[in-house]
Amino acid sequence: MNNRQLFLQHVAQTSPAPVGIEIVRAEGNYLYDAEGKQYIDLIGGISVCNIGHRHPAVVEAIKKQADSYLHVMVYGELVQSPQVLYAKLLTEHLPETLNCVYFTNSGAEATEGAIKLARRATGRTDIICCHKSYHGSTTGALALIGDEYWRNAFRPLMPGIWHHTYNSRELIDAINEQTACVLIETIQAEAGIVAPDQVWLSALRKKCNDTGTLLVFDEIQCGFGRTGKLWGYEHFGIVPDIMLLGKALGAGMPLGAFVSSREMMMKLTDAPVLGHITTFGGHPVSCAAGMAGMKALLTDNLIEGVAAKEELFRDLLAHPEILEVRSKGLLMAVRLSSPEKVMEVLQKCLSKGLFSDWFLFAADCIRIAPPLTITEQEIRLACETIMSLL
Ligand code: PLP
């Protein structure tokens, strides 16, 4: 059997139609398959590879950390400088109220930690979240997923979860003294890129303040410069009480985090002690890689170029078959006539050396979320290719 056959046989499949291309190398804005074919990466590992694949500073940091130590002890007992220095760097770029980082292995685990923290800090149980939201696939996070199709198959789920429409008055009206937190994506990604209305977000913050409800922003997909600012919430000037990070946080290594004030985070040290436990969370190699990645994102000034690149994509993606382009920076959804049309175009894109994807709750949209390092020439080529296939 070749590797593709072994993949289908022995690597657990949850997609009925995996892309199934064997990747042998990834560098910068490109993926390379076993046949030597190269693909422009239009999705960056789903908003992970914001600084491109295998950034030299990240590779060097991984090697350096591997030479010192790998796993040494479960989370939070020993002082590990990659964790300490990365937490310091992150909090230097966050408001004073977000000054304490709990590192996890993944985005879903960050969601789980935030759910526990919000309940523990408020003494309340209810959580309000949104239709068409995605916060991870573990059972707690799954209770929050904004689609009955994915929830229903795994019932009974965690109780106390209420779904409302993003950007709706109804969501704000539903918040009351029983609500522990409102947990939303700052910019909805899997819904096919839906940004919050400024007035709505301000009213949401106010209602949370008035009722003692915590506001949690999931920045797992929209953080780290993807939307043209370091954090998605900066577009709106609204600061959350808890923030979720993942994906680009590890610069290509597995890493997640939930961030709050130290005072709030301390609730997890008391009654019960060890209120959240992880063996590998904040792995030193992941933290070393992530810190090198974040430094590169900042020193290479990658965020500055995002708005112009977004505009170029929007200018070029003009075609009668393109019904709409929704975007916030380089987080873009290109709406076509049907999910079938999207699948057909994605398949053809592969043969032309373009790697893209669709969205969980917007199957009629092509996902465009390339490394922020994508060049003007690559954007032109990608758009010409997509248009030629419509
Ligand atoms: N939150 C958002 C907005 C996501 O897009 C994702 C993953 O796609 C997650 C949470 C879950 O992250 P992970 O897949 O690392 O568990």
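Residues numbered from 1 in each chain as written. Predicted model: local features only at pLDDT ≥ 70, side-chain atom pairs only at ≥ 80, totals over all residues. Heavy atoms only, no water.

1. As for the packing of helix 12 (residues 306-316) against helix 14 (residues 376-388)
Basically, it comes down to this: Whenever a helix is involved, its axis is fitted only over the stretch in contact; in every case the axis is a line through C-alpha atoms, and angles between N-to-C directions fall within 0 to 180 degrees. Runs of H or I in DSSP of at least four residues are treated as helices and runs of E of at least two as strands, each being numbered from the N terminus. Orientation labels follow simple angle bins: below 35 degrees gives roughly parallel, above 145 gives roughly antiparallel, 65 to 115 gives roughly perpendicular, and whatever is left gives oblique. What makes a crossing left-handed is the near helix being turned counterclockwise from the far one by less than a right angle; a clockwise turn instead makes it right-handed. Note on contacts: a residue pair is in contact if any heavy atoms of the two residues lie within 4.5 Å.
Helix 14 packs onto helix 12 with a crossing angle of 25 degrees between their chain directions and a minimal axis gap of 10 Å. Judged by the inter-axis angle, helix 12 sits roughly parallel to helix 14. For helix 12 against helix 14, the interelement crossing comes out right-handed. Residues Lys-309, Leu-312, Phe-313 and Leu-316 of helix 12 pack against Glu-376, Ile-379, Arg-380, Cys-383 and Met-387 of helix 14.

2. Topic: the sheet that holds strand 9 (residues 242-245)
Here is the rule we go by: Two strands qualify as a pair provided DSSP detects at least 2 bridges between them.
Read from one edge of the open sheet, seven strands run 4-10-9-8-7-5-6, paired in mixed fashion. Looking at the sheet topology across the chains shown, the edges are occupied by strand 4 (100-104) and strand 6 (161-164). Within the sheet, the average angular offset between the axes of one strand and its neighbour, ignoring direction, is 20 degrees. As paired elements, strand 7 (residues 179-185) and strand 8 (residues 214-218) share five bridges and run parallel to each other. Bridge pairing in strand 8 places Ile-184 opposite Phe-217. Relative to strand 4, helix 4 (residues 81-92) is tilted by about 125 degrees, and along the sheet it contacts strand 4 and strand 9.

3. Quick look at helix 9 (residues 198-211)
Stated precisely, the cut-off is as follows: Helices are assigned an expected span. That span is 1.5 Å times one less than the residue count. Residue burial is assigned from relative accessible area. The probe radius is 1.4 Å, only protein chains are included, and a residue is buried under 20% of its type maximum, exposed over 50%, and partly exposed in between. The arc in question is the one spanned by the directions pointing from the helix axis to the C-beta atoms. In protein, a polar contact requires one atom able to donate a hydrogen and another able to accept it; more generally it is a pair of N or O atoms within 3.5 Å, and residues adjacent in sequence count only if both atoms are side-chain atoms.
The terminal C-alpha atoms of helix 9 lie 20 Å apart, and with 14 residues this matches the ideal 20 Å at 1.5 Å per residue to within 8%. Of the residues making up helix 9, those classed as buried are Trp-200, Leu-201, Leu-204, Arg-205, Cys-208 and Thr-211. Seen end-on, helix 9 carries its buried residues on one side only, within an arc spanning 145 degrees. Within helix 9, the exposed residues directed more than 90 degrees away from the buried face are Val-199 and Lys-206. Each element contacted by the buried residues of helix 9 is listed here: helix 8 (169-174), strand 7 and strand 8. Of the residues flanking the start of helix 9, the one acting as N-cap is Asp-197, its side-chain oxygen 3.3 Å from the backbone nitrogen of Val-199. Directly after helix 9, the chain includes Gly-212, whose backbone phi takes a positive value near 70 degrees.

4. What about the site of the ligand?
Cut-off, in case you're wondering: Nearness of a residue to a molecule or strand requires only that one of the residue's heavy atoms be within 4 Å of it. Working definition of accessibility: Shrake-Rupley area with a 1.4 Å probe, residue cover restricted to the visible protein chains. Residues are called lining when one of their atoms sits within 4 Å of a cavity or pocket point, these points coming from a 1 Å grid over the protein atoms alone, where a cavity is a set in which a 1.4 Å probe fits but cannot get out and a pocket is an open set with protein on both sides within 12 Å along at least five of seven lines. What decides whether a molecule sits in a cavity or pocket is whether more than half of its atoms lie within 2 Å of the grid points. Under the convention adopted here, Pro, Cys and the residues Ala, Val, Leu, Ile, Met, Phe, Trp and Tyr are nonpolar, Asp, Glu, Lys and Arg are charged, and Gly plus all remaining residues are polar.
Every residue near the ligand is listed here: Ser-106, Gly-107, Ala-108, Tyr-134, His-135, Gly-136, Glu-185, Asp-218, Ile-220, Gln-221 and Lys-247. In the environment of the ligand, an oxygen atom lies 2.6 Å from a nitrogen or oxygen atom belonging to the side chain of Gln-221. Here the ligand loses 82% of its free accessible area of 390 Å² to cover by the protein chains. At a threshold of 2 Å from the grid points, most atoms of the ligand map onto the largest pocket. Residues of the shell around the ligand, tallied by class, amount to three nonpolar, five polar and three charged.

5. With respect to the environment of Ile-127
Note on placement: Ile-127 falls in strand 5 (residues 126-130). By relative accessible area, Ile-127 is classed as buried at 0%. In this structure, the C-alpha to C-alpha distance between Ile-127 and Thr-179, residues 52 residues apart in sequence, is 5.8 Å. In this structure, Ile-127 is in contact with Ile-115, Arg-119, Gly-160, Ile-161, Trp-162, Cys-181 and Leu-183, ignoring residues within four places of it in sequence.

6. Concerning a nonpolar patch on the surface
The condition that has to hold: Each patch is built from residues that are more than 30% exposed by relative accessible area and take part in no salt bridge. Like charges join if they lie within 9 Å; nonpolar side chains (Val, Leu, Ile, Met, Phe, Trp, Tyr) join within 5 Å. We define a salt bridge as a side-chain nitrogen of Lys or Arg found within 4 Å of a carboxyl oxygen belonging to Asp or Glu.
Side chains of Val-72, Met-73 and Leu-78 sit close together on the surface and give an oily, nonpolar patch of about 250 Å² of accessible area. By secondary structure assignment, the location of Met-73 is in the loop between helix 3 (56-68) and helix 4. Here Met-73 falls in the partly exposed class, since its relative accessible area comes to 36%.

7. Considerations on the packing of helix 3 against helix 11 (residues 284-299)
Helix packing geometry: the angle between the two helix axes and the distance between the axes. Relative orientation of the contacting elements helix 3 and helix 11 amounts to 150 degrees, with a least axis distance of 8 Å. With respect to each other, helix 3 and helix 11 are oriented roughly antiparallel. Where helix 3 crosses over helix 11, the handedness of that crossing is right-handed. On helix 11, the residues touching Ala-57, Val-58, Ala-61, Ile-62 and Gln-65 of helix 3 are Pro-284, Val-285, Ala-288, Ala-289, Ala-292 and Gly-293.

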